[in-house]
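# Topology and contacts: notes
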Amino acid sequence: MADSTNALPNNEAPQRAARAEDDTRYDPSPVEQKWAALWETDPARYAPEPINCGKPKYYVVEMLPYPSGALHMGHVRNYAIGDALARYMWMSGHNVLHPMGWDSFGLPAENAAIKNKRQPKEWTLNNIAAMKAQMKRLGFSYDWSREVTTCLPEYYRWNQWFFLKLYEKGLAYRKKSKVNWCPECATVLANEQVVDGCCWRHEDTQVELRELEQWSLRITDYSDELLQGLDSMEGWPEKVRTMQRNWIGRSEGTNVDFTLADGTKAKITVFTTRVDTIYGATSVQLAPQHPLVKELIGSDAVRQASLNEMLADQKRARENGEIGSMEKKGFFTGHYAVNPYNGEQVPIWVGNYILMDYGTGAIMSVPAHDERDFEFAQKYGIAIRGVIKPDGVAEMPELPFCADEGASVSDGGPFTGLSCTEAQKQMSAFAEKNGFGKATVTFRLKDWGISRQRYWGTPIPFIYCDGCGMLPVPEDQLPVLLPENVEITLAGGSPLTRVKEFYEVACPKCGKTARRESDTMDTFVDSSWYFYRYTSPINTAPFDSEVANYWFPMDQYIGGVEHAILHLMYSRFWTKFMRDLGLVKNDEPAERLFTQGMVIKNGAKMSKSLGNVVSPDDMVARYGADATRLYTLFAAPPDRDLDWQDQGVEGVYRFLSRLYRFITENPVKLSAGEATAYDPSTLTPAARNVLRKLHQTIQRITGDFQGRWHFNTSVAAMMELLNACMASPELWTADSATPKAFRADVQRKMVLLLSPFAPYLAAELWTVLGEDANTLLRHPWPVADAALAKEDEVEIVVQFNGKLRQRLTVPHDADDETVKQTALADEKIKEGLTGKQIVKVIVVKNKLVNIVIKG
RNA sequence: GCCGGGAUGGCGAAAUUGGCAGACGCAGCGGACUUAAAAUCCGCAGGAACGAAAGUUCUGUGGGGGUUCAAGUCCCCCUCCCGGCACCA
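Below or above, wherever it landed, is the structure these notes cover. (Residues numbered from 1 in each chain as written. Chains lettered and ligands numbered in written order. Predicted model: local features only at pLDDT ≥ 70, side-chain atom pairs only at ≥ 80, totals over all residues. Heavy atoms only, no water.)

### Some details on the overall build of chain A
Tallying secondary structure elements over chain A gives 25 helices and 34 strands in all. When its C-alpha atoms are laid out on the principal axes, chain A stretches across 105 × 85 × 50 Å. As displayed, chain A offers around 37400 Å² of accessible surface, 50% of which is attributable to carbon and sulfur atoms. (Helix = DSSP H or I, 4+ residues; strand = E, 2+ residues; numbered from the N terminus. Areas by Shrake-Rupley, 256 points an atom, 1.4 Å probe, with all protein chains shown as cover.)

### Some points on the sheet that holds strand β2 (residues 95-97)
Pairing in this open sheet of 4 strands is parallel, and the strands run β2-β1-β26-β27 from one edge to the other. The sheet is open, and its two borders are formed by β2 and β27 (593-596), each paired with just one other strand. In this sheet, adjacent strand axes meet at a mean angle of 20° when their direction is disregarded. Examined bridge by bridge, strand β1 (residues 57-62) and β2 share 3 bridges and lie parallel to one another. Note on β2: the bridge partner recorded for K57 is N95. The sheet strands contacting helix α2 (residues 73-91) are β1, β2, β26 (556-560) and β27, and the helix crosses β1 at an angle near 175°. (Pairing = 2+ DSSP bridges. Axes fitted to C-alpha atoms, helices over the stretch in contact; angles between N-to-C directions. Contact = heavy atoms within 4.5 Å.)

### Notes on the sheet that holds strand β21 (residues 462-465)
As summarised here, the arrangement of the 4 strands in space is β22-β21-β24-β23, forming an open sheet in which the pairing is antiparallel. At either end of the open sheet lies a strand with only one pairing partner, and these are β22 (469-472) and β23 (504-506). On average, each strand axis in the sheet is inclined to that of its neighbour by 40°, with strand direction left out of account. With 3 bridges connecting them, β23 and strand β24 (residues 513-516) associate as antiparallel partners.

### With respect to helix α7 (residues 238-248)
Among the residues of α7, V240, R241, Q244 and I248 are the ones counted as buried. Along the axis of α7, the buried positions cluster into a sector of 100°, meaning they face one direction only. Relative to its buried face, α7 has exposed residues pointing more than 90 degrees away, namely K239 and N246. Summarising the contacts, the buried residues of α7 are in contact with α6 (223-231), α15 (566-581) and β27. (Buried < 20%, exposed > 50% of the residue type's maximum accessible area, 1.4 Å probe, protein only. Arc of directions from axis to C-beta.)

### Here we look at the packing of aromatic side chains
Think of a pair of aromatic rings as described by two things: how far the centres are apart, and how the planes are tilted against each other in angle. According to the stated counting rule, one finds 66 aromatic pairs in the structure shown. With a centroid separation of 4.5 Å and an interplanar angle of 10°, the aromatic rings of Y155 and W529 are classed as stacked. One end of the pair, Y155, is in helix α5 (residues 153-168); the other, W529, is in the loop between β25 (520-521) and α13 (530-533), and 374 residues separate them in sequence. In terms of burial, Y155 and W529 fall into one category: buried. Both rings, one in W158 and one in W161, keep their centres 5.8 Å apart while their planes meet at 75°; by these two values the pair is edge-to-face. Taken as a pair, W158 and W161 lie in helix α5 at a separation of 3 residues, close to a single helical turn. An aromatic cluster of at least three residues, connected via ring pairs, comprises Y155, W158, W161, F162, Y222, W448, F524, W529, Y570, F573, W574 and F577. If you follow R157 out to its NZ or CZ, it ends over the ring of W158, 4.6 Å from the centre. (Phe/Tyr/Trp six-rings, centres within 6.5 Å; stacked < 30°, edge-to-face > 60°. Lys NZ or Arg CZ within 6 Å of the ring centre and 35° of its normal.)

### Looking at α5
Look at α5: 22 Å from first C-alpha to last across 16 residues, which is about the 22 Å you get at 1.5 Å a residue. Buried within α5 are the following residues: Y155, Y156, W158, N159, Q160, W161, F162, F163, L164, K165 and L166. Following α5 by one or two positions, G170 adopts a phi angle in the positive range, close to 75°. (Expected span 1.5 Å × (residues − 1).)

### A word on the environment of S299
Structurally, S299 is set in the loop between α8 (291-297) and α9 (301-319). Spatially, the C-alpha atom of S299 lies 106 Å from that of D735, the residues being 436 residues apart in sequence.

### Regarding the environment of S714
Structurally, S714 is set in helix α20 (residues 711-726). The class of S714 is buried, set by a relative accessible area of 0%. On a C-alpha basis, the gap between S714 and N666 in space is 25 Å, while along the polypeptide they are 48 residues apart. Not counting residues up to four positions away in its chain, the partners in contact with S714 are I701, D704 and F757.

### Some remarks on the pairing of strand β32 (residues 803-811)
Taken together, the 8 bridges between strand β31 (residues 793-800) and β32 define a ladder with antiparallel strand orientation. Across the sheet, F800 pairs through a bridge with K803, a residue of β32. In this antiparallel pair of consecutive strands, β31 and β32, the connection spans 2 residues, and N801 shows a positive phi of 50°.

### Some details on unusual backbone geometry
The step from L478 to P479 runs through a cis peptide bond, and the omega angle for that step is -5°. Summarising the element assignment, P479 is placed in the loop between β22 and α12 (500-503). The omega torsion across F552 and P553 is 0°, close enough to zero to call that bond cis. With respect to the element layout, P553 can be found in the loop between α14 (545-551) and β26. Located in the positive-phi region is D813, a residue other than glycine, with phi close to 60°. When you line up the elements, D813 lands in the loop between β32 and α24 (816-825). Overall, the relative accessible area of 40% leaves D813 in the partly exposed class. For N846, which is not glycine, the phi torsion reads 65° and is therefore positive. With respect to the helices, strands and loops of the structure, N846 is situated in the loop between β33 (837-844) and β34 (848-854). Accessibility expressed as a relative area gives 25% for N846, which makes it partly exposed.

### Re the protein's contact with RNA strand B
The environment of RNA strand B is made up of 53 residues, and the closest members are T273, K328, R372, R708 and R807. A share of 65% of the atoms of RNA strand B within 4 Å of the protein falls on sugar and phosphate groups. In this structure, a phosphate oxygen belonging to RNA strand B sits 2.7 Å away from a side-chain N or O atom of R654. Breaking the surface near RNA strand B down by element, the ones donating at least two residues are α7, β11 (267-272), α18 (646-665), α20, β31, β32, β33 and β34. Here the surface near RNA strand B takes 6 residues from α20, the largest share from any one element. Its residues placed into classes, the surface near RNA strand B shows 19 nonpolar, 13 polar and 21 charged. (Near = heavy atom within 4 Å. Polar contact = N/O pair within 3.5 Å; in protein donor to acceptor, adjacent residues only side chain to side chain. Nonpolar A, V, L, I, M, F, W, Y, C, P; charged D, E, K, R; others polar.)

### What to know about the packing of α20 against helix α21 (residues 740-754)
The relative placement of two packed helices is expressed as an angle between their axes plus a distance between the axes. At their nearest, the axes of α20 and α21 sit 11 Å apart, and the two run at 160° to each other. With respect to α21, the element α20 is oriented roughly antiparallel. The two elements α20 and α21 cross, and the hand of that crossing is left-handed. The segment α20 lies against α21, with M718, L721, L722 and C725 engaging V746, M750, L753 and L754. Of the residues contributing to the contact of α20 with α21, the split by class is 8 nonpolar, no polar and no charged. (Parallel < 35°, antiparallel > 145°, perpendicular 65-115°, else oblique. Left-handed = near helix turned anticlockwise from the far one by under 90°.)

### Regarding the packing of α2 against helix α17 (residues 625-634)
For the pair α2 and α17, the least separation of the axes is 9 Å and the interaxial angle reads 90°. When the axes of α2 and α17 are compared, the pair comes out roughly perpendicular. Contacts between α2 and α17 involve M73, V76, R77, A80, I81, D83 and R87 from the former and T628, R629, T632 and L633 from the latter. Here the contact of α2 with α17 is composed, by residue class, of 5 nonpolar, 2 polar and 4 charged.

### As for the pattern of salt bridges
Going through the model one piece at a time under the given rule, you end up with 49 salt bridges. A salt bridge links E225 to R579; the nearest nitrogen and oxygen atoms lie 2.7 Å apart. With E225 in helix α6 and R579 in helix α15, this residue pair connects regions lying 354 residues apart in the sequence. For E225, a relative accessible area of 28% corresponds to the partly exposed category. Assessed through its relative accessible area of 18%, R579 is described here as buried. One salt bridge connects R700 with E720, and the closest N-O pair in it is separated by 3.4 Å. With a gap of 20 residues between them, R700 in helix α19 (residues 685-706) and E720 in helix α20 connect regions that are remote in the sequence. Taken together, the salt bridges that share partners define one network made up of E225, R572, K576, R579, D580, D587 and E588. (Salt bridge = Lys/Arg side-chain N within 4 Å of Asp/Glu carboxyl O.)

All quantities given are derived from atomic positions and should not be read as evidence of function.
Below is the structure:
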């Protein structure tokens with residue numbers, strides 16, 4: 001998925017300093033490479049079982065990367081979370097699908113082509129190979145047989161197929177729309193490539209807005225469903241849902257027609273959410289681009305000049321991203337409009353703060369009850385008339401007064417006295433009844449413009465014939481292949497417009513020479529449905545519906561919050577469209593969404609320019625894949641930003657090293673038939689202590705997987721368990737009196753708990769324990785025994801008025817009265833109580849006794 | 001401006017339901033091993049004051065107020081930081 005982080009080329013990975021002979025530390029490289037090579041020979045290792053296997057399914061997807069050339073730490077973190085989850089789900093008896101792919105169309109490939117004279121395809125496929133090798137070295141459990149590479153015809157032909165279906169359903173259409181155009185590059189720029197209004201490659205060149213014929217998808221047909229669906233998506237972060245709600249921007253209001261006072265038949269329709277204030281309207285404001293403006297100002301040279309200046313100003317501000325902070329400007333058109341509610345004539349102005357692409361491009365201006373209108377009216381001396389008041393207040397409050405809750409109409413003809421919200425309803429109904437307006441819902445969400453004047457993307461399957469017009473490419477002629485070995489230059493426009501073999505085509509209807517569409521699709525099309533393709537990458541359809549219906553919705557989708565709006569909105573839309581086509585049954589793509597935090601260093605996002613980038617290859621070479629992954633989980637909860645500290649990796653490496661030593665020094669192997677059961681009540685207190693800690697650790701880690709995913713505490717729990725084991729070294733030696741079955745039990749469960757987080761070391765240690773490492777992935781997850789996890793005794797605190805005074809050890813779950821008496825009998829407590837009066841004693845089981853005293 | 005999220009030791013963080021603040025780790029300090037270092041192991045460790053020490057007392061979760069026997073956690077007000085949106089009528 002396109003993201004803004006620049007990936008770095010592979011640095012030379014520095015090797016770890018030569019090891020001293022007596023260095024007993026775990027050396028991960030040979031171990032990890034051994035297992036990686038072994039796993040490579042078993043490609044079906046991470047394949048799911050058939051859809052009728054009877055196990056509960058679990059479909060987990062991490063957002064696919066853009067193949068920039070190298071993984072960065074953000075990727076590692078994202079995939080480490082998904083991989084731990086996938087492995088836990090396998091061990092918990094699920095049928096797991098855990099795939100990976102490449103969001104491999106897009107601009108960087110073209111830029112690399114210009115810079116290095118390499119073909120985008122070659123550059124991209126090389127990057128994929130390099131990054132795939134990195135992923136394999138990191139030990140992620142992907143089923144590579146389902147790999148999706150969006151830039152290959154096997155995939156993008158289905159983008160084209162979907163496009164034809166969208167067109168058939170009336171959901172794809174062509175219209176003029178504005179694009180960012182760099183005159184120097186003579187091509188279109190993506191929004192991200194516009195920096196402070198200038199081209200990212202030509203810092204002194206202002207980007208222009210050009211109108212071009214563009215293909216759009218009618219995502220707005222689903223506005224209401226996209227909005228309402230959010231309410232029930234409890235598995236998605238509230239933050240993402242809120243961002244999407246704001247983006248959709250549904251607002252209920254009223255369209256009201258103002259007629260022109262000069263009697264011409266033209267009318268101006270305004271959109272307002274506050275029709276209750278319409279008796280306070282003192283002007284009508286039109287957007288400068290409003291179609292009526294030219295007509296109204298006619299040949300008036302002064303007003304024409306004002307309009308042109310305003311358009312230029314607005315364009316400049318839009319390009320500089322300063323729209324919104326612009327000074328409000330406007331001019332009177334010389335015409336008047338009639339307010340249909342009271343027949344009043346109000347002046348028609350053109351205002352630079354009116355947006356043509358929202359609502360109707362025209363508003364009624366009520367300065368008394370709208371801050372923007374107020375500012376404008378003050379500047380130009382337009383009348384300000386208050387018509388609503390807060391309830392229970394006699395005087396008109398200081399203006400502007402904008403609330404509608406707890407306020408009523410004070411000057412609204414027949415509607416006077418109604419609450420504002422009631423007036424809105426009745427006045428809308430009144431307009432509708434009298435034919436000059438109606439209640440209207442307006443959305444901020446716009447249709448999705450998908451045309452890109454670019455080479456490296458999916459060709460849009462259309463043909464333009466002079467005689468027959470615009471024609472879709474017949475389905476049996478798909479895919480429209482992207483030509484290879486095309487010269488990519490800055491010469492202007494899409495490179496495809498210079499490839500005759502591509503654009504010159506016989507019209508499918510009349511057979512005469514026609515022209516192919518040379519625009520390609522936005523790469524967000526690719527990422528809108530790729531996770532369906534994973535379920536069944538077949539050649540006769542985008543995917544097999546039966547298989548997709550088994551796996552969907554995704555149980556868990558994991559990625560960066562930067563995709564909260566675009567990608568996640570588009571893919572929701574695509575799912576609904578596919579559902580309406582009958583391809584899938586689910587309404588939403590993902591049951592649960594998780595957005596992980598960024599990886600930062602020294603308080604800033606890792607970036608080349610700040611020189612604070614940590615290369616995963618470097619970390620893997622020094623500390624191993626396990627330690628690198630484990631650190632990304634340990635350093636912070638996954639949903640928060642992670643502040644990278646090199647010393648921290650060292651710490652988790654030391655933990656793995658200690659664990660390796662702990663098990664390899666006294667591995668307990670069991671021969672066939674040897675007892676695995678033991679009686680916990682016969683254990684020494686030290687051994688019982690370890691056993692208790694073991695079961696507490698199972699509880700904590702299992703709870704983290706099932707609950708809030710705070711894997712940092714999972715890792716901490718494993719460290720505590722190891723510390724507890726190593727605190728009693730005498731338990732583990734071969735000549736120890738401790739039952740062998742106990743030692744075997746503890747060691748095996750430790751390895752099982754480790755395996756979702758550090759799969760290489762887990763495989764190695766499982767082998768050291770005489771087990772078959774191939775069984776680990778689907779070995780049942782250990783089950784905590786609550787009785788064994790329970791403490792026999794607990795330390796409680798005794799407080800005076802909430803202040804700690806004494807610590808006591810009492811039996812677990814001792815009854816409150818006993819604990820109270822124990823506390824009161826304590827010497828130190830008795831001493832502290834002399835001369836005081838006990839008001840109350842509060843006992844909290846297994847926690848504390850609080851004695852409320854006075855005097 | 002609006003909507004989110006956040007602020008806890010020197011640092012990353014923990015405290016899951018209002019109940020011992022600082023688990024775990026990093027860095028630090030002291031010790032063992034070593035000719036020495038690295039590695040490893042053991043121990044100490046929020047701050048302040050007192051004490052030779054064991055320890056004792058006070059104080060402490062961005063700031064101010066409140067609820068409660070008890071507040072990092074709940075309520076009200078404020079400050080700062082991060083992210084998103086921003087003339088959306």
